[in-house]
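The residues making up each chain are set out below.
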Amino acid sequence: MPNRLPENPSIDEPTTPQAPLPPADDTRAPQVRTATGTDLGGDQTSRGQQGEFLTTAQGVRLHDTDHSLKAGDRGPTLLQDHHLREKITHFDHERIPERAVHARGTGAHGVFQAYGTAEKITRAAFLKKDVETPVFVRFSTVLGSRGSADTPRDTRGFAVKFYTSEGTFDFVGNNMPVFFIQDGIKFPDIVHSAKPEADREIPQAASAHDTFWDFVSLHTEAQHLTMWNMSDRGIPLSLRTMEGFGVHTFRLVDEDGKTCLVKWHWKPKAGVHSTTWEEAQLIMGKDADFQRRDLADAIEGGHFPQWELGVQVFPDTEDQMFEGIDLLDPTKLVPEELAPVQPVGLMTLNANPTNFFAEVEQVAFHPGHLVPGIDIVNDALLQARLFSYLDTQITRLGGPNFSQLPINRPHVPVNDNLRDGYGQQGVHSGVGTYRPNSLGGGNPFPAESTDGAYIEVPAPVAASTKVRANPATFDDHFSQPRMFFRSMTPLEQDHIVSAYTFELAKCETPAIRERQVQCLANIDADLCARVAEGLGLPAPEPTVQVPDRDPSPALSQIGGEFPVDGRKVGIVCDAASDLAAVSALVEAAKGAKLVPFVVGPHGGELTGAAGGSVTVDKTFATAASIEFDAIVLAGPIAPAKDALPSVDSRNADPDASRKPTDPRIALMLGEAFRQCKAIGGLTPDALGDLPTDAKGVVVADAASMVDQLVPLLAKHRAWDRFPTTGR
Ligand code: HDD
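Residues numbered from 1 in each chain as written. Predicted model: local features only at pLDDT ≥ 70, side-chain atom pairs only at ≥ 80, totals over all residues. Heavy atoms only, no water.

(A) Highlighting the overall build of the protein chain. If you tally the helices and strands in the protein chain, you get 15 helices and 20 strands. Radius of gyration (C-alpha) of the protein chain: 29 Å, near the 27 Å computed for a compact globule of 727 residues. Within the protein chain, the fraction of its 727 residues that count as buried is 50%. Within the protein chain, counting contacts between residues at least 6 apart in sequence, those at least 24 apart form 71% of the total. Put simply, the protein chain shows about 34,100 Å² of open surface, and 55% of that area lies on carbon and sulfur atoms. Between the mean site of the 66 positive side-chain charges and the mean site of the 96 negative ones, the protein chain shows a separation of 2 Å. (Helix = DSSP H or I, 4+ residues; strand = E, 2+ residues; numbered from the N terminus. Rg over C-alpha atoms; globule rule 2.2 N^0.38 Å. Buried < 20%, exposed > 50% of the residue type's maximum accessible area, 1.4 Å probe, protein only. Contact = heavy atoms within 4.5 Å. Areas by Shrake-Rupley, 256 points an atom, 1.4 Å probe, with all protein chains shown as cover. Lys, Arg positive; Asp, Glu negative; His and termini not counted. Charge placed at Lys NZ, Arg CZ, Asp CG, Glu CD.)

Okay, structure coming up:
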């Protein structure tokens, strides 16, 4: 938690006026600029909170904000109480419309440092060697409303605002490299189908319902992204463990005007990790803010999340095809085996928002916010997006001047002829608000390429006829979902089978289930047969000929070892545990950059029966398996007096008090075991009946426990605990 209190705070309400506290170290956003890019100086909260006294919005000091003005202390409230009306009226208007999609999200500030490797393909200044550019990132789910949980099965938004020296560049991507539709005109259709159903507005933040599967089974170009959603990519563990993709192909242009085509990738340094579906559902019940909290805690704890930005580069050919893949088709990816991702820079998130509404809620991204050196292609999905974002933001942010909001202000001088409108913050001087003019001395002047002007690449436009149609190269809807499924490990395939079976079993209309099973038959016979079996349906024959593509092992997220910075370890103990060993383990975990949490039977200080003491971070009542990447039992854990009796046979054991029979701890341990998390015991009997020879279970003393846990955490989970779990 950020330190929100002064040193040695009194528990009583302060009586002496004090200046407002500055933001905590991890919540210092970049400095506020005016609409013309001038640095306002000072702290970004300074305009919101100044001086030590409470005032009205007009700056008049207030004597009382706790009582409305009444005709006698038992009398009616007087209409003349302006402070009452100002306070309530402002409150009544505090909420703005949530985003039509991506309403649920969180954000952080950071910095992007370029390696210089992209200099040969783009003139973009922020990609030149060692240039550092401030960024603001917003991660989001797509379907849920603003107050929905963080961990539903869904695509995640991955939007990055680069405040570059040439103006703002927005990367508005997702954690999946493909999209549901090939043309933006279908966006309202996919969103209407996936959002809660129109009659009862259920289910919230879930695709497991009739209208979604009705649409994707009829509109088969959606099958590829649907496959990604049904895979582990649809349930990321943390925002820190997600990849990001620009989805569309973009055109880069170098200093000499030479162009190439690219696809953007963000690769998390922490690796790509997901929850299991059981875990995701537990999290939704126990901590709706799980990923928001995880990101903020990691930044506050100094475990700054990092992603490398990379590009797949393709020649800018006339047909814009690469290895038989149409680069204008956003439902297709290019396997990394065919075009490796080349790193061009590193992003580090290092500061939490100071004010969630001002920054995360009001930030406005737009895929058309481009800088010199980056241009677009004729992808019909992207072209519709170029219209949609500005349009929606005018409603959401109450008028056309939202680029003047602190979080949206460019970090370079702005000199436009845009004037007036709701929410105008600038006090523009002069009358020459048009071009050409002589009354303003001709200002502002158009810039040349040599002045850093953005000039569209003069790409040829094929002479053609007006049509509402897709090219024939967009027709194949099944070869890439097939490639994706066949690129997965057996474990990941199990997860996909379970996800389809779960989601389709939730559909109430049999014809929709059957139609989707037919789509699966076109993708892969084994996948189809297994899902059909789970649904109690026959597995149909394919109806279309689908070309086979080589599998792309890079699509699998199982395997590899990653840094363990910021991974969380719960250390469960009670007064009967060796608390000196617990303290030693806490220090050793911190030394390995892990985040230890002592879990004890009650809050405050825990004193050991044999001496020693530790501060409890979470209690048996509040801690849950989902909060930890690894759990260590210090043993012995006695049954809690207030806990429900366990059905576990160990209760009959006369030595039960020496084993972790507290039902809450038994539940936590059982879940962690099923979720293939690393589990440790500081003594041989600390784990009770848990099989200590199972994969990813270690018994070690405090001195060597961390050395044993780190390699397990580096692999994320001991997936080999259950050879094929189907979980
Ligand atoms: Fe979109 C928000 C990503 C297609 C219309 N989109 C939004 C956000 C992300 C994306 C990350 C949240 C930005 C934030 O945090 O504020 N959208 C994508 C990607 C797409 C995509 C990767 C396909 C490749 N979107 C897309 C289409 C349309 C939209 C085809 C409409 C034609 N998207 C919107 C929107 C949103 C939005 C309705 C809602 C809030 C906002 O824009 O500002 O305009």
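After that view of the structure, there is still more to cover.
(B) Summary view of the side chain of T276. Within the element layout of this structure, T276 appears in the loop between β7 (259-268) and α5 (277-286). Here T276 is in contact with I235, Q675, R717 and W719, once residues within four sequence places are set aside.

(C) View of the site of the ligand. Looking at the ligand, there are 22 residues lining it, with R99, R138, R385, Y389 and Q393 nearest. Interatomic distance of 2.8 Å between a side-chain N/O atom of R99 and an oxygen atom of the ligand. Mapped by element, the contributors of at least two residues to the shell around the ligand are β3 (156-164), β4 (167-174) and α8 (380-396). Ranked by the residues each element gives to the shell around the ligand, the list is headed by α8, at 7 residues. Partitioning the shell around the ligand into residue classes produces 10 nonpolar, 9 polar and 3 charged. (Near = heavy atom within 4 Å. Polar contact = N/O pair within 3.5 Å; in protein donor to acceptor, adjacent residues only side chain to side chain. Nonpolar A, V, L, I, M, F, W, Y, C, P; charged D, E, K, R; others polar.)

(D) Here's a closer look at the pairing of β7. Extensive coverage of β7 is indicated by the burial of 8 of its 10 residues. Sheet topology places strand β5 (residues 244-245) next to β7; 2 bridges connect them, and they run antiparallel. Residue pairing in the sheet places G244 in a bridge with W266 of β7. Relative to β7, strand β6 (residues 250-253) runs antiparallel, the two sharing 4 bridges. Counterpart to V253 in the pairing with β7 is T259. Hairpin geometry of β6 and β7 is characterised by an intervening segment of 5 residues between the two adjacent antiparallel strands and by a positive phi of about 85 degrees at G257. Pairing of β7 with strand β8 (residues 306-315), which is carried by 9 bridges, proceeds in the antiparallel orientation. (Pairing = 2+ DSSP bridges.)

(E) Representation of the coordination of the iron atom of the ligand. Only one protein atom coordinates the iron atom of the ligand: Y389 (OH), located 1.9 Å from the metal. If you trace the backbone, Y389 turns up in helix α8. (Donors = N, O, S within 2.8 Å, 3.2 Å for Na, K, Ca; no water.)

(F) Molecular detail of the sheet that holds strand β19 (residues 678-681). The strand order across the open sheet built from 6 strands is β17-β14-β13-β18-β19-β20, with neighbouring strands paired in parallel fashion. Each end of this open sheet is capped by a strand with a single partner; those strands are β17 (618-619) and β20 (697-699). Where strand β13 (residues 568-572) meets strand β14 (residues 595-600), 5 bridges bridge the pair, whose relative direction is parallel. Counted as the bridge partner of K568 is V595 from β14. In the packing of helix α13 (residues 579-591) onto the sheet, contacts are made with β13, β14 and β18 (630-633), and the angle to β14 comes to roughly 155 degrees. Most of the contacts of helix α14 (residues 663-674) go to β18, to which it runs at about 135 degrees, and overall it touches β13, β14, β18, β19 and β20. (Axes fitted to C-alpha atoms, helices over the stretch in contact; angles between N-to-C directions.)

(G) Representation of the side chain of E221 in the model. Within the fold, E221 resides in the loop between α3 (210-218) and α4 (223-230). Of the side chains bearing the opposite charge, K186 lies closest to the buried E221, which forms no salt bridge; the N-O distance is 7.4 Å. A polar atom in the side chain of E221 sits 2.7 Å from the backbone nitrogen of Q182. (Salt bridge = Lys/Arg side-chain N within 4 Å of Asp/Glu carboxyl O.)

(H) Up close: the packing of aromatic side chains. Counted under the stated rule, the structure contains 25 aromatic pairs. Each ring, one from F158 and one from W307, has its centre 5.7 Å from the other, and the planes form 90 degrees; the classification is edge-to-face. Taken as a pair, F158 in strand β3 and W307 in strand β8 lie far apart in primary sequence, 149 residues in all. Considered together, F158 and W307 belong to a single accessibility category, that of buried residues. Judged by centre distance (4.6 Å) and plane angle (40 degrees), the ring pair of W228 and F484 falls under tilted. Remark: F484 occurs in helix α9 (residues 479-487) and W228 occurs in helix α4; sequence separation between them is 256 residues. Each member of the pair, W228 together with F484, is buried. Following the ring pairs from residue to residue traces out a cluster consisting of F112, F126, F139, F158, F162, F169, F171, W264, W266 and W307. One residue, R153, lies across the ring of W277, its end atom 5.1 Å from the ring centre. Note that K568 overlies the ring of F290, its terminal NZ or CZ placed 5.6 Å from the centroid. (Phe/Tyr/Trp six-rings, centres within 6.5 Å; stacked < 30°, edge-to-face > 60°. Lys NZ or Arg CZ within 6 Å of the ring centre and 35° of its normal.)

(I) View of α9. α9 sits mainly inside the fold: 8 of its 9 residues count as buried. Of the positions making up α9, those classed as buried are S479, Q480, P481, R482, M483, F484, F485 and S487. Summarising the contacts, the buried residues of α9 are in contact with α4, β10 (325-326), α10 (490-505), α11 (510-523) and α12 (525-535).

(J) Spatial organisation of the packing of α13 against helix α15 (residues 702-714). Interhelical geometry of α13 versus α15 gives an angle of 35 degrees and a closest axis separation of 8 Å. Crossing geometry of α13 relative to α15 is assigned as right-handed. Contacts between α13 and α15 involve A581, A584, L585, A588 and A589 from the first element and A702, M705 and V706 from the second. Residues that form the contact of α13 with α15 fall into these classes: 8 nonpolar, no polar and no charged. (Left-handed = near helix turned anticlockwise from the far one by under 90°.)

(K) Looking closely at the nonpolar core. Counting residues in hydrophobic clusters, the biggest one holds 47 residues, and the most contacted among them are W213, Y500 and L527. Of all elements in the fold, only α2 (187-194), α3, α4, α9, α10, α11 and α12 reach the threshold of two or more residues within this core. Considering each element in turn, this core owes the most residues, 6 residues, to α11. Setting aside chain neighbours within four positions, we find L527 in contact with M227, F485, I496, V497, Y500 and L520. I121, C260, W266 and V344 belong to the second largest nonpolar core, which has 37 residues in total. (Core = buried A, V, L, I, M, F, W, Y, C linked by side-chain atoms within 4.5 Å.)

(L) Representation of a nonpolar patch on the surface in the model. On the surface, V431, Y434 and L439 cluster together to form a nonpolar patch covering roughly 330 Å² of accessible area. With respect to the element layout, Y434 can be found in the loop between α8 and α9. Judged by relative accessible area, which is 37%, Y434 ranks as partly exposed. (Patch = residues over 30% accessible without salt bridge, like charges linked within 9 Å, V, L, I, M, F, W, Y side chains within 5 Å.)

(M) Expanded view of the environment of D524. Its location among the elements puts D524 in the loop between α11 and α12. Each C-alpha atom, one on D524 and one on V344, is 36 Å from the other, the two residues being 180 residues apart in sequence. If we skip the residues at most four places from it in the chain, D524 touches F485 and R486. Within the structure, D524 has its side chain in polar contact with the side chain of R486 (distance 2.8 Å).

(N) Unusual backbone geometry, seen in detail. Cis geometry is found at the peptide bond from N443 to P444, where omega equals -10 degrees. With respect to the element layout, P444 can be found in the loop between α8 and α9. The residue E323 is not glycine, and still its phi comes out positive at about 50 degrees. The residue E323 is located in the loop between β9 (321-322) and β10 in this model.

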